Amino acid sequence: MEQEKVNGNKEPSAEASSYRCSACHGDEDWGLGHPLRGRAKSRSLSAAPVLASAREFRRTRSLHGPCPVTTFGPKACVLQNPQTIMHIQDPASQRLTWNKSPKSVLVIKKIRDASLLQPFKELCAYLMEENNMIVYVEKKVLEDPALLSDDHFGPVKRKFCTFREDYDDISNQIDLIICLGGDGTLLYASSLFQGSVPPVMAFHLGSLGFLTPFNFENFQSQVTQVIQGNAAVVLRSRLKVRVVKEPRGKKVAVPNGISENGVLAAGLDVEVGKQAVQYQVLNEVVIDRGPSSYLSNVDVYLDGHLITTVQGDGVIVSTPTGSTAYAAAAGASMIHPNVPAIMVTPICPHSLSFRPIVVPAGVELKIMLSPEARNTAWVSFDGRKRQEIRHGDSISITTSCYPLPSICVRDPVSDWFESLAQCLHWNVRKKQAHFPEDEEDADEEGGEERAGS
């Protein structure tokens with residue numbers, strides 16, 4: 001878990017807070033810049049009683065590997081720079097705990113899916129009646145005709161707290177998020193929280209379900225375990241994306257101070273007159289050629305240095321979580337979500353040597369239209385908020401300090417490989433048949449005869 005960015009720039013403000021993080025040597029306050037500030041945090045197995053259900057998943061070695069020796073020979077060593085120090089906890093030992101019992105839960109349901117109505121009703125009734133929790137839902141979920149006409153659900157429906165996307169900010173009112181549907185519900189949950197994200201428990205009730213590991217059959221016991229703090233958690237890194245555009249005389253409506261689920265960046269570049277909007281992205285940022293028939297022609301900078309020009313259909317900048325999404329379809333490797341990295345994958349490049357690359361999580365990428373570009377480009381964030389990028393606009397991308405804490409069924413490693421096998425059928429092949437015993441004996445006898453002759 002990263003306390004400071006690798007380049008030494010601290011994330012905003014470290015106000016006084018009563019929360020402590022066991023991943024940061026136990027003595028450091030949870031300021032606003034801490035990735036898990038709030039009621040929930042991750043803890044080390046060594047710092048807490050070992051639970052029976054977690055005993056079999058204890059690892060003897062860190063997934064980060066050994067800490068490198070920084071002395072080289074008798075006289076050389078690495079120059080110590082306190083601005084680049086990171087405190088990292090072994091991701092295999094990360095478990096959820098609560099400083100206070102969770103009281104409010106956001107239930108996200110896939111819209112216009114009749115098969116989810118009954119699970120939605122059962123879950124909400126259980127949360128309200130059995131656990132006495134405050135349940136938040138999006139207003140348009142309750143506008144479903146099937147729910148409006150259900151008189152038996154009326155007493156539960158009147159207890160809901162509702163919100164409207166892009167207008168109501170509920171980021172400081174939610175303790176836990178429960179998703180019912182496919183991977184899109186998790187991406188939607190991420191878009192609602194542009195800062196710290198509450199723990200997310202995702203039930204597989206959609207089509208793919210790579211990011212939704214829980215089955216709904218025994219949801220009562222699973223939800224109870226999570227509320228009691230008995231669960232492993234994987235911190236899925238997100239991308240902090242800053243889009244800076246040249247003014248073109250058209251004002252953008254900003255309801256309630258939030259622009260299209262993005263946060264208006266504090267630094268409106270007054271000198272140049274540009275406007276900047278910031279997004280938190282869980283899967284990927286996609287820059288493509290849009291409706292144009294010409295090649296996309298964009299320059300990619302890494303920490304201020306031009307590294308390449310993409311000439312093709314576009315480029316994907318993804319997190320390890322997004323490596324199994326669009327990037328995988330474009331030929332990239334699949335990366336475990338605990339690996340700190342950013343992936344850059346071209347889309348149909350007009351080059352035989354343009355391979356996908358993986359760069360460190362701490363770098364900053366900047367993407368702009370090339371001066372020679374014949375057309376504009378288009379950008380989308382987790383498949384949403386698609387917009388046009390013109391000459392003079394820029395997209396800056398780096399790893400966010402606010403990950404999405406996704407609750408695991410077992411542990412981060414087992415869940416990931418289970419998803420690879422069940423959802424993507426990774427390395428599924430008919431087994432090669434072994435030789436019959438009589439053929440093996442015949443081969444051995446033939447070899448002995450040849451050796452004797």
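In the block above lies the structure referred to throughout.
These numbers were taken from a predicted model, which means no experiment stands behind them. (Residues numbered from 1 in each chain as written. Predicted model: local features only at pLDDT ≥ 70, side-chain atom pairs only at ≥ 80, totals over all residues. Heavy atoms only, no water.)

### Brief notes about the overall build of the protein chain
Part 1 of the argument: Broken down by element type, the protein chain carries nine helices and 25 strands.
Part 2 of the argument: Counting every position in the protein chain, which comprises 453 residues, the buried fraction comes to 48%.
Part 3 of the argument: Within the protein chain, contacts between residues at least 6 apart in sequence are counted, and of these 71% link residues at least 24 apart.
Part 4 of the argument: When the accessible surface of the protein chain is summed, it comes to about 24000 Å², and 50% of that surface belongs to carbon and sulfur atoms. (Helix = DSSP H or I, 4+ residues; strand = E, 2+ residues; numbered from the N terminus. Buried < 20%, exposed > 50% of the residue type's maximum accessible area, 1.4 Å probe, protein only. Contact = heavy atoms within 4.5 Å. Areas by Shrake-Rupley, 256 points an atom, 1.4 Å probe, with all protein chains shown as cover.)

### Regarding the packing of aromatic side chains
Part 1 of the argument: Per the stated rule, a full pass over the model turns up ten aromatic pairs.
Part 2 of the argument: Both rings, one in Phe203 and one in Phe216, keep their centres 5.4 Å apart while their planes meet at 75 degrees; by these two values the pair is edge-to-face. In this pair, Phe203 sits in strand E9 (residues 200-204) while Phe216 sits in the loop between E9 and helix H6 (219-227), placing the two residues 13 residues apart along the sequence. You'll find Phe203 and Phe216 in the same group, each marked buried.
Part 3 of the argument: By way of ring pairs, the aromatic residues Tyr126, Phe203, Phe214, Phe216 and Phe219 are connected into one cluster.
Part 4 of the argument: In this arrangement the basic side chain of Arg164 is found over the ring face of Tyr167, its NZ or CZ atom lying 5.1 Å from the centre. (Phe/Tyr/Trp six-rings, centres within 6.5 Å; stacked < 30°, edge-to-face > 60°. Lys NZ or Arg CZ within 6 Å of the ring centre and 35° of its normal.)

### A short note on the side chain of Glu165
Part 1 of the argument: Assignment of secondary structure puts Glu165 in the loop between strand E7 (161-163) and strand E8 (176-181).
Part 2 of the argument: Among the polar contacts made by the side chain of Glu165, one reaches the side chain of Arg384 at a distance of 2.3 Å. (Polar contact = N/O pair within 3.5 Å; in protein donor to acceptor, adjacent residues only side chain to side chain.)

### Thoughts on the sheet that holds strand E15 (residues 284-288)
Strands belonging to one sheet form pairs held by backbone hydrogen bonds; the direction of such a pair is parallel or antiparallel.
Part 1 of the argument: Read across the sheet, six strands follow the order E20-E19-E18-E15-E22-E23 without closing on themselves; strand pairing throughout is antiparallel. The open sheet terminates on both sides in strands that have one partner only, identified here as strand E20 (357-360) and strand E23 (384-389). Put simply, the sheet's adjacent strands are angled 20 degrees from each other on average, direction ignored.
Part 2 of the argument: When E15 meets strand E22 (residues 377-381), the two strands line up antiparallel, connected through four bridges. Bridged to Val285 within E22 is Phe381. (Pairing = 2+ DSSP bridges. Axes fitted to C-alpha atoms, helices over the stretch in contact; angles between N-to-C directions.)

### Examining helix H2 (residues 117-130)
Part 1 of the argument: The end-to-end C-alpha distance of H2, which contains 14 residues, comes to 19 Å, matching closely the 20 Å that a straight helix rising 1.5 Å per residue would cover.
Part 2 of the argument: Taken together, the buried positions of H2 are occupied by Leu117, Pro119, Phe120, Lys121, Leu123, Cys124, Tyr126, Leu127 and Met128.
Part 3 of the argument: Contacts made by the buried residues of H2 are with strand E5 (104-109), strand E6 (134-138), helix H3 (145-148), helix H4 (154-157), E8 and H6.
Part 4 of the argument: Looking one or two residues beyond H2, the residue adopting positive phi is Asn132, at roughly 55 degrees. (Expected span 1.5 Å × (residues − 1).)

### Topic: the pattern of salt bridges
Part 1 of the argument: Overall, the coordinates contain seven salt bridges when judged by the stated rule.
Part 2 of the argument: For Glu165, the salt bridge is made with Arg384, and the minimal N-O distance between the two is 2.3 Å. Taken together, the residues span a long stretch of sequence, with Glu165 in the loop between E7 and E8 and Arg384 in strand E23 at a distance of 219 residues.
Part 3 of the argument: Accessibility expressed as a relative area gives 16% for Glu165, which makes it buried.
Part 4 of the argument: Owing to a relative accessible area of 26%, Arg384 belongs among the partly exposed residues under this scheme.
Part 5 of the argument: Between Arg289 and Asp313 there is a salt bridge, with its nearest N and O atoms 2.7 Å apart. Taken as a pair, Arg289 in the loop between E15 and strand E16 (296-302) and Asp313 in the loop between strand E17 (305-312) and strand E18 (314-318) lie far apart in primary sequence, 24 residues in all. (Salt bridge = Lys/Arg side-chain N within 4 Å of Asp/Glu carboxyl O.)

### Brief notes about the environment of Ser171
Part 1 of the argument: Within the secondary structure, Ser171 is located in the loop between E7 and E8.
Part 2 of the argument: Taking C-alpha positions, Ser171 is 8.0 Å from Gln194, a pair spaced 23 residues apart along the chain.
Part 3 of the argument: Side chain to side chain, Ser171 and Asp169 meet in a polar contact 2.8 Å long.

### Observations regarding the nonpolar core
Part 1 of the argument: Judged by nonpolar contacts, the single largest core of 33 residues is most densely connected at Val107, Phe120, Phe160 and Val223.
Part 2 of the argument: For this core, the secondary-structure elements that each account for two or more residues are strand E4 (94-98), E5, H2, E6, E8, E9 and H6.
Part 3 of the argument: When residues in this core are grouped by element, the largest group, seven residues, is from H2.
Part 4 of the argument: If near-sequence neighbours (up to four positions away) are discounted, Phe120 is found in contact with Val107, Lys109, Val137, Val141, Leu147, Phe153, Phe160 and Leu180.
Part 5 of the argument: Formed by 29 residues, the second largest nonpolar core is a distinct cluster that contains Leu239, Val241, Val281 and Leu365. (Core = buried A, V, L, I, M, F, W, Y, C linked by side-chain atoms within 4.5 Å.)

### With respect to the environment of Glu129
Part 1 of the argument: By the secondary structure assignment, Glu129 is in helix H2.
Part 2 of the argument: In this structure Glu129 comes out as exposed when scored by relative accessible area, which is 53%.
Part 3 of the argument: Considering only alpha carbons, one finds Glu129 and Val156, 27 residues apart in sequence, at a separation of 8.8 Å.

### Focus on helix H5 (residues 183-192)
Part 1 of the argument: Within H5, nine of the ten residues are buried, leaving the element largely enclosed by the surrounding structure.
Part 2 of the argument: Those residues of H5 that fall on the buried side of the exposure criterion are Asp183, Thr185, Leu186, Leu187, Tyr188, Ala189, Ser190, Ser191 and Leu192.

### Focus on the pairing of E15
The two faces of a sheet get side chains in turn, since along a regular strand they alternate between them.
Part 1 of the argument: With five of five residues buried, E15 lies mostly within the body of the structure.
Part 2 of the argument: Burial of E15 is two-sided: the residues Glu284, Val286 and Asp288 facing one way and the residues Val285 and Ile287 facing the other way are all buried.
Part 3 of the argument: Both E15 and E18 contribute to a ladder of five bridges, which runs antiparallel. Within the sheet, the bridge partner assigned to Asp288 lies in E18 and is Gly314.

### Some details on the pairing of E16
Part 1 of the argument: Counting buried positions along E16 yields six of seven residues, so the element is predominantly enclosed.
Part 2 of the argument: Strand direction decides the pairing type here: E16 and E17, joined by seven bridges, are antiparallel. If you follow Asn297 over to E17, its bridge partner there is Gln311.
Part 3 of the argument: In this sheet, strand E21 (residues 365-369) lies alongside E16 in antiparallel orientation, the contact comprising five bridges. Residue pairing for E21: Tyr301 is matched across the bridge by Lys366.

Just geometry here; none of it tells us what the structure is for.
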